[in-house]
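Residues per chain are reported as follows:
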Amino acid sequence: MSKYNFDEIIERKGTNALKTDALAKRYGNPDLIPLWVADMDFKSPAAITEAIIERAKHGIFGYTEPGQKYFDAIINWVDRQHNWNIQQEWITFVPGIVKGIAFVIDCFSSTEHQVIIQPPVYHPFRIVPTLHHRIVNDNPLKLEAGQYKMDLEGLKKLINPACRILILCNPHNPGGRVWTRRELSDIADICHEHNILVISDEIHSDLAFAPHKHVPFASVSEKAAMNSITFMAPSKTFNIAGVVSSYSIISNKELRDKFNCYLASSELDEGHIFAYLAAQAAYDHGDEWLIEAKDYIRENIHFADEYLKANIPQIKAMIPEASFLIWLDCRELNLSQKELVSLFVDDAKLALNDGAMFGAGGEGFMRMNVGTPLANIQRALDNLKKAVEAKQTHG
Ligand SMILES: Cc1ncc(COP(=O)(O)O)c(C=O)c1O
């Protein structure tokens, strides 16, 4: 019997939640079932809420330091979850991982440089460098037997002297791959040889499902450690994205000094009172909640997969090895991307992410967030089934 009620339906409308309250603006209809932006509809562990309330009761919210316990909590968590022994001076607060990626691009490259990404991938990997006037060089993932693989030969071929940074999504969003040690060390070797800095975005790392085990990129080899900047956060893990409590981990002193100086020059490394508190409470007290949340998410993934197989076999779920996002292969519906999106939004009344936004290889796919009570997924899939049937009957 679970200690936590992940079945509880909690109304988020009216809280300014992006997921619910931006539906009208983003999808033209406020009443869709929201299975898009990557946060969950579960209450965070009570220890986080209690820590915030307790601190708020003090009533004075002045300038705040991270505190030793904050660093200890991160160090112990990363060791416990990922067997990676990190040191305190390697850790620096950043005000969000997407912002962190932008800072690295700004700090370590200029407009003559190129940034490599491996689409389909989390869309800010393309948007952020593009808006910083860097050329984005695509090394598309290969889809083999229903799963993504990195194209290492393709990577070697596309590298040119202007390539300065590779952004790695580890684990991968939207495909849910937990990259293996071998895959990561191959990337590390290639990037080291060509002097390409690797940004390893590990925001989904705590959500890997056994037997898959997240491998921190920087832990695979000395070359990886010396040539990378890692970002982690408790935000996806414990559903606290709105608190903003991400951090960078850099073991290479030269890279670290340069990056930290960049951050400090605009005080970007200064977190806020609740960021430190929430991260500390999550990491010190969240283990048990996370185990149960992952079990629940896994059941949701299983349910969706079985439902699709039985009722909408033209749509295939790519089973994620980590996290609460399912990449739906809808190519057998034989619809244009516009028709596919309209099927979901206009006919089935669902808000999912349009696969095309993740770049090359994303067309024909939709991304579904199952970090929500099972009843929402059942309702969503029933809607989808009816919409697909109607489409096939009436064309
Ligand atoms: C791979 C990845 N990186 C970063 C983020 C966002 O992180 P942040 O809110 O810290 O910018 C997300 C959110 O969906 C994500 O999936």
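Keep in mind the model is a prediction, meaning the values are calculated, not measured. (Residues numbered from 1 in each chain as written. Predicted model: local features only at pLDDT ≥ 70, side-chain atom pairs only at ≥ 80, totals over all residues. Heavy atoms only, no water.)

Peer 1: Quick question: what am I supposed to make of the domain arrangement of the protein here?
Peer 2: Buried accessible area, meaning the area lost when the parts come together, often serves as the stated size of an interface. Looking at the assigned domains, one finds that the protein contains domain 1 (18–45 + 287–387) and domain 2 (61–285). Taking the mean C-alpha position of each, domain 1 and domain 2 sit 25 Å from one another. With 32 residues of domain 1 at the contact, the number on the domain 2 side is 36 residues. Carbon and sulfur atoms supply 56% of the area that domain 1 and domain 2 bury against each other, a total of about 2900 Å² over both sides. Scanning the region where domain 1 abuts domain 2 turns up 2 salt bridges. Across the pair Glu321 and Arg177 runs a salt bridge, and its minimum N-O distance is 3.0 Å. Summed over the shared surface of domain 1 and domain 2, the number is 21 residue pairs in polar contact (both at pLDDT 80 or more). Sorting the residues of the side of domain 1 that touches domain 2 by element identifies helix H12 (287–311), strand E12 (325–329) and strand E15 (365–369) as the ones contributing at least two each. Here the side of domain 1 that touches domain 2 gets 7 residues from one element, more than from any other, and that element is H12. A class-by-class count of the residues in the side of domain 1 that touches domain 2 yields 19 nonpolar, 5 polar and 8 charged. (Domains from an automatic or database assignment. Contact = heavy atoms within 4.5 Å. Buried area = accessible area lost by both parts, 1.4 Å probe. Salt bridge = Lys/Arg side-chain N within 4 Å of Asp/Glu carboxyl O. Polar contact = N/O pair within 3.5 Å; in protein donor to acceptor, adjacent residues only side chain to side chain. Helix = DSSP H or I, 4+ residues; strand = E, 2+ residues; numbered from the N terminus. Nonpolar A, V, L, I, M, F, W, Y, C, P; charged D, E, K, R; others polar.)

Peer 1: What should I look at first to understand the pattern of salt bridges in this one?
Peer 2: Oppositely charged side chains are able to pair whenever their charged atoms sit close together. Under the counting rule described, the total for this entry stands at 20 salt bridges. The salt bridge partner of Lys13 is Asp31, with a shortest N-O separation of 3.2 Å. Placement of Lys13 in the segment before helix H1 (18–21) and of Asp31 in the loop between helix H2 (23–27) and strand E1 (33–34) is noted, with a sequence separation of 18 residues between them. Residue classification places Lys13 among the partly exposed positions, given a relative accessible area of 38%. Through salt bridges that share partners, Arg12, Lys19, Asp39 and Asp41 make up one connected network. (Buried < 20%, exposed > 50% of the residue type's maximum accessible area, 1.4 Å probe, protein only.)

Peer 1: I tried to follow helix H6 (residues 124–131) on my own but got confused; where do I start?
Peer 2: One turn of the α-helix equals 3.6 residues, which is why residues spaced by three or four share an orientation. Turning to H6, its buried residues number three or more, namely Pro124, Phe125, Val128 and Pro129. Here the buried residues of H6 occupy an arc of 120 degrees about the axis, which is enough to place them on one side. Contact partners of the buried residues in H6: helix H5 (97–108), strand E3 (114–117), strand E4 (135–138), strand E7 (163–169) and strand E8 (197–201). (Arc of directions from axis to C-beta.)

Peer 1: Help me out: how do you make sense of the packing of helix H13 (residues 337–347) against helix H14 (residues 374–394) in this one?
Peer 2: Any two packed helices are characterised by the angle at which their axes cross and by the distance between the axes. Packing of H13 against H14 leaves a shortest axis separation of 10 Å and a crossing angle of 125 degrees. When the axes of H13 and H14 are compared, the pair comes out oblique. The hand of the H13/H14 crossing is right-handed. Across from Leu343, Phe344 and Asp347 in H13, the residues of H14 making contact are Leu384, Ala387, Val388 and Lys391. (Axes fitted to C-alpha atoms, helices over the stretch in contact; angles between N-to-C directions. Parallel < 35°, antiparallel > 145°, perpendicular 65-115°, else oblique. Left-handed = near helix turned anticlockwise from the far one by under 90°.)

Peer 1: Any chance you could explain the pairing of E3 here in plain terms?
Peer 2: Regular strands place their side chains on alternate faces of the sheet. Here E3 shows no split at all, with Gln114 and Ile116 on one side and Val115 and Ile117 on the other all buried. Here E3 pairs with E4 via 4 bridges, running parallel. Following the sheet pairing, Ile116 is matched in E4 by Asn137. Following the backbone out of E3, through H6 and into the adjacent parallel E4, one traces a crossover that is right-handed. (Pairing = 2+ DSSP bridges. Right-handed = clockwise from strand over helix to strand, strands pointing away.)

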